[in-house]
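So the chains spell out like this:
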Amino acid sequence: MVKLVVEVLDANDLMPKDGHGNASPFVEVLFEEQRQRTSTKPKDLNPCWNEKLGFNIQNPRDFPNKTIEVLVYNDNNNGQHKNFLGRVRISGMSVPLSEHEATVLRYPLDKRGPFSRVKGDIALRVYAVHGGFDEFHSFDPVKQVLHQAEPVDNHYNHNQNHHHHDHKGPETTSTPLQEINNTNKFEDEYYYKENHEKNIKKKKEKEVRTFYSLGTTGSGGGGPPPPPAEKPVFVETRSDFHKAGAAPPATMMQMQFPGQKPEYGVVETRPPLAARMGYWGRDKTASTYDLVEQMNFLYVSVVKAKDLPVMDITGSLDPYVEVKVGNYKGVTKHLEKNQYPVWNSTFAFSKERLQSNLIEISVKDKDFGKDDFVGKVLFDLAEVPQRVPPDSPLAPQWYKLVDKKGEKINQGEVMLAVWMGTQADEAFSEAWHSDAHSLSQHSLANTRSKVYFSPKLYYLRAHIMLAQDLVPSDKGRQPDTFVKVQLGHQIRVTRPSPMKHVNPEWNEELMFVASEPFDEYIIISVEDRIGPGKDEVIGRIFIPVREVPQRVETSKLPDARWFALQKPSMAEEEGDKKKEVKFASRILLRLCIDSGYHVLDESTHFSSDLQPSSKHLRKPSIGLLEVGILSARNLLPMKGREGRMTDAYCVAKYGNKWVRTRTLLDTLHPRWNEQYTWEVHDPCTVITIGVFDNCHINGKDDVKDQRIGKVRIRLSTLETDRIYTHSYPLLVLSPSGLKKHGELHLAIRFTCTAWVNMVAQYSKPLLPKMHYVQPISVRHIDWLRHQAMQIVSAKLIRSEPPLRKEIVEYMLDVDYHMWSLRRSKANFHRIMSLLSGISYVARWFGGICYWKNPLTTILVHVLFLILVCYPELILPTIFLYLFVIGLWNYRLRPRIPPHMDARLSQAENTHPDELDEEFDSFPTSRPSDIIRMRYDRLKSVAGRVQTVIGDLATQGERALSILSWRDPRATAIFIIFSLIWAVFLYVTPFQVVAVLIGLYVLRHPRFRSKMPSVPVNFFKRLPARSDSLL
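On a predicted model such as this, the values are computed, not experimentally measured, just so you know.

Visitor: Honestly, the overall build of the protein in this entry has me stumped. Any pointers?
Guide: When helices and strands are tallied, the protein shows 17 helices and 38 strands. Counting across all 1030 residues of the protein, residues that qualify as buried make up 48%. Sequence-distant contacts in the protein: of pairs separated by 6 or more residues, those separated by 24 or more amount to 69%. Total accessible area on the protein is roughly 54000 Å²; 56% of this is exposed by carbon and sulfur atoms.

See below:
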């Protein structure tokens, strides 16, 4: 009896179906009227079953013509009702006839019909066996991973080594799957490709996608499996981006990334952009917005009205205008008791959603019951003119109102402008959009696209020197004085003066962050510490920031000045008023604004601006950065509990310029198609683009916008004048683990306008001159960066619509410097990956020394002898070698921009407790037993670090003890040996010595011993100071 075995492993990124943003999936498998199902995984969009289902094959000869159908459902009401989540159909021709040939493949879930909402994929392992099903052991992924020849961290690829070819061999590598029948090109589908060794006959079925596995022959027989791969290769799955309307759908290209989950990779796309397609047959709008897909809008500008008729008995009129196109309706504000109202409102209706050819603009009178009809104006959509920027705005015109029957009324006119435009229109950002028809005027402001500029920041330096003639309240004791300086919310305190009398000295520098327009005051107070927690103000002074002199670069510091201290009561009464007082205490200060520094408001590792604060020191731009924010796909429903989906918008930050796209309401597939431009002053900078869910569209002010994910792209990794169109995964790390919230589709182009200046930037320091001439300590830099973030956040939150604090902090990575065990592991693995190159060179040299490849060893001998005989060729050979290697690696250069790497960040398999520790508050809020466990874990990690540091110190101390006579016999042996070698080298030509040493190092293994060499033995016997430690 032949059995069919279907191992259902797991699924990923399923569509939520329970109304709460979740699902309870199970899998049903159908084969030859046999039906079996797995268990239900409650409330899990990424379920893991690891269950094995068996079926009888009635006619093995007809098995290649059979189809295996795998259905995924959401379990509602304990199996009494189920929702469709997707399906996969597998041809029997692709099923191997032995278990050892079977491989784990990920299949994208297909739709059942044109209106099905399906996403995600499922991992299956399908094979046929002879004999009973019960004689096989159950599937265990952990054991399967441990039996692999190469250790793999990702549990999704634990069986890939059985069927992939060596990726370093000839070009025979093929991707796992291929889509044979694609019947609906406008559906959201996943594309897979496969290269078969032999041609396979494809059977086409309506609305059926059949997948063939890699490595099976055309007959489906059990031939020998292909050789295993050294590293598994994965194919990225993705949803297609398509443009509704007449434009063709954007095509996508598959990118392969070894060792990471496919859904966390970047996918290259081919959207129909004007910059790539050229301008033939397109309007001039394409040349303005050539990195986005053109979107057409119907614009209606309602300016004002005049001589409107009175509708109420009281003789008053509260007019407003209603613009209606099909099912979409927009309403202006109503103005009380005004027959000559002015609205100045613009409405934008997406052309793709227009359901009527008639535009109806009605003027109505606001009333307590039913609003009264005043008049209307009708437009035929076919007669609306097309406006193409940079044409001037369309001039509004007066139109007479007509009644409901279409007859003109005696009085009343309205000034309107109606035209067809694109997102390049000036009215686009301020217009009321048709997808926001349910919002109030107040909430509408939170959905508009805007450009923001963060304030210009400066470092303010305060040098506190000394004070004279202080008058403490208690004259019977010597004062213990210190100085407190306050600028806005920034407070810094000096150390107590070591001189405890009325003429103290401090001589301490404090630094603050100041922002233009310098409308704040510096409050300096001298205080006396009477007791623990009890301080008394002796004197205080208020200094306007605008009166502080500026210092450019390393010019001379301004002279110190004496400032008269006022009594606390007098300072509160007079404030900043300058008045002669008899109070004789004074303080010596040196204040200056250092405009030669760059104020860091983000980490230097991914800073977007490195220019100094002073405009006189800023260099001209070297190029332009253009970013087209196209769309997002497969977003998770962030408002599932409220019965809504996601109200998504994007924020991009580069330099001091922030941009915010419009909010697209209640959709999981928003299409923004907005393009922005920045000037570039340094190519070694990073742009950050984040996606958020707008939680303020309902007038709620006590909620925070939710993070969907962000992308960072370093400009120096981009080729100039090349258009990069990619789909980036939106990953968010939360206490529950790493989660993918969707994909962000971007188009990026970096254009260089000054090649000489850009190349010269690589020879200049990263930061301005002041950072190196008068560096600021790391401890102060971190504190100042935090203060700069607070100032930027406070300024941007006062804009309209505001960029709120949670947005700014997420974009600037405010908690980047906090302790994280996950980040520590990631940095450790980064160091080990660097050291792996050194170990590879050491292994290669060891293979040369041990004659593993005799031909290579002989060639190295010849090269060594040539370089010894002609030492002047050593440096030219090294640089020529570097040139050739760099030229050879050009064909292997990265084709995609860098992105958030989940594997590099150690975010895929992080322990939940480590994430809980990372997201814990500071100071901690966890119970004592958890703190004790984390402290013990930290002690264990620190103990290993301590051991490594101790070993390094031991080796260094041994090197220093060679000539220190700490071990007199070892030092005597070394100096006598040095004398002998000195005499030998004096009388022997250097080339002879080099040849002898080289031949000794490269000697044949027959002349080698497995014991350590004499120099190693001598070095390990040298004394260190580790035996002196307690």
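Next comes the rest of the write-up.
Visitor: Please clarify how the pairing of strand β22 (residues 457-468) should be interpreted in this entry.
Guide: Walk down a regular strand and you will see the side chains alternate between the two sheet faces. Most of β22 sits inside the fold, with 11 of its 12 residues counted as buried. Looking at chain direction, β22 and strand β25 (residues 505-515) are connected through 9 bridges and run antiparallel. Bridge pairing links Arg461 to Met511 in β25.

Visitor: Would you take a moment to explain the packing of helix α8 (residues 778-796) against helix α9 (residues 805-812) for this structure?
Guide: Packed helix pairs are specified by the crossing angle of their axes together with the interaxial distance, meaning the distance between the axes. Look at α8 against α9: their axes get within 9 Å of each other, and the N-to-C directions meet at 140 degrees. When the interaxial angle is binned, α8 and α9 end up oblique. Every pair of crossing elements has a handedness; the one defined by α8 and α9 is right-handed. Across from Met789, Gln790, Val792, Ser793 and Leu796 in α8, the residues of α9 making contact are Lys805, Val808, Glu809 and Leu812. For the contact of α8 with α9, a count of residues per class yields 5 nonpolar, 2 polar and 2 charged.

Visitor: Looking at this structure, I do not really get the sheet that holds strand β26 (residues 521-531). What am I missing?
Guide: With respect to topology, 4 strands assemble into an open sheet ordered β24-β23-β26-β27, the strand pairing being antiparallel. Pairing within the sheet leaves two strands with one partner each, and these edge strands are β24 (490-493) and β27 (534-544). Within this sheet the neighbouring strands show an average axis-to-axis angle of 20 degrees, counted without direction. In terms of strand pairing, strand β23 (residues 481-487) meets β26 through 7 bridges, oriented antiparallel. By the bridge assignment, Val483 is partnered in β26 with Val526.

Visitor: How should unusual backbone geometry be read in this particular structure?
Guide: Trans peptide bonds make up the majority, and among non-glycine residues the majority have a negative phi. Of the consecutive residues Glu516 and Pro517, the connecting peptide bond is found in the cis state with omega at 15 degrees. With respect to the helices and strands, the residue Pro517 is situated in the loop between β25 and β26. Cis geometry marks the peptide bond from Glu800 to Pro801, where omega comes out at 0 degrees. Relative to the helices and strands, Pro801 is located in the loop between α8 and α9. Phi at Lys337 takes a positive value of approximately 50 degrees, unusual for a residue other than glycine. Turning to its location among the elements, Lys337 is positioned in the loop between β14 (328-331) and β15 (342-350). Phi at Asp813 takes a positive value of approximately 55 degrees, unusual for a residue other than glycine. By the element assignment, Asp813 lies in the loop between α9 and α10 (821-849).

Visitor: How should I be thinking about the packing of aromatic side chains in this particular structure?
Guide: Scanning the entire structure with this criterion turns up 16 aromatic pairs. Consider the rings of Phe692 and Tyr810, whose centres lie 5.7 Å apart with planes at 80 degrees: the pair is edge-to-face. With a gap of 118 residues between them, Phe692 in strand β35 (residues 686-693) and Tyr810 in helix α9 connect regions that are remote in the sequence. Given the relative accessible area of 0%, Phe692 is considered buried. Grouped by ring-pair contacts, the aromatic residues Phe297, Tyr299, Trp419 and Phe428 constitute a single cluster. Here the basic side chain of Arg891 rests over the ring of Trp888, its NZ or CZ set 4.1 Å away from the ring centre.

Visitor: Could you clarify how one ought to interpret the nonpolar core in this entry?
Guide: Nonpolar side chains tend toward joint burial in soluble globular proteins. Core analysis: the biggest nonpolar cluster contains 37 residues, and Leu625, Trp672, Trp678, Ile687, Leu744 and Ile748 have the highest contact counts within it. At the level of secondary structure, the elements contributing two or more residues to this core comprise β31 (623-633), β32 (648-654), β34 (671-680), β35, β36 (706-714), β37 (723-734) and β38 (737-752). For this core, the element with the most residues is β38, which contributes 5 residues. For Ile687, the residues in contact, after removing those within four places along its chain, are Leu625, Val627, Lys653, Tyr654, Trp678, Val711, Arg712, Ile713 and Leu715. Listed in part, the 35 residues of the second largest apolar core include Phe26, Val70, Val95 and Ile122.

Visitor: Hey, could you run me through the pairing of β32 in this one?
Guide: Burial within β32 is extensive, with 7 of its 7 residues counted as buried. The alternating pattern of β32 places Ala648, Cys650, Ala652 and Tyr654 on one face and Tyr649, Val651 and Lys653 on the opposite face, and all of these are buried. Pairing between β32 and β35: 6 bridges, direction antiparallel. Each bridged residue has a counterpart across the sheet, and for Ala648 the counterpart in β35 is Asp693. Two successive antiparallel strands, β32 and strand β33 (residues 657-660), enclose a turn made up of 2 residues, where Gly655 displays a positive phi of approximately 65 degrees.

Visitor: Just checking my understanding: could you explain the environment of Leu625 for this structure?
Guide: Turning to its location among the elements, Leu625 is positioned in strand β31. Along the backbone, Leu625 and Phe750 are 125 residues apart, and their C-alpha atoms lie at a distance of 4.7 Å. Setting aside its immediate chain neighbours within four residues, Leu625 contacts Tyr654, Tyr676, Thr677, Trp678, Val680, Ile687, Leu715, Ile748 and Arg749.

About the cut-offs
- Residues numbered from 1 in each chain as written.
- Predicted model: local features only at pLDDT ≥ 70, side-chain atom pairs only at ≥ 80, totals over all residues.
- Heavy atoms only, no water.
- Helix = DSSP H or I, 4+ residues; strand = E, 2+ residues; numbered from the N terminus.
- Buried < 20%, exposed > 50% of the residue type's maximum accessible area, 1.4 Å probe, protein only.
- Contact = heavy atoms within 4.5 Å.
- Areas by Shrake-Rupley, 256 points an atom, 1.4 Å probe, with all protein chains shown as cover.
- Pairing = 2+ DSSP bridges.
- Axes fitted to C-alpha atoms, helices over the stretch in contact; angles between N-to-C directions.
- Parallel < 35°, antiparallel > 145°, perpendicular 65-115°, else oblique.
- Left-handed = near helix turned anticlockwise from the far one by under 90°.
- Nonpolar A, V, L, I, M, F, W, Y, C, P; charged D, E, K, R; others polar.
- Phe/Tyr/Trp six-rings, centres within 6.5 Å; stacked < 30°, edge-to-face > 60°.
- Lys NZ or Arg CZ within 6 Å of the ring centre and 35° of its normal.
- Core = buried A, V, L, I, M, F, W, Y, C linked by side-chain atoms within 4.5 Å.

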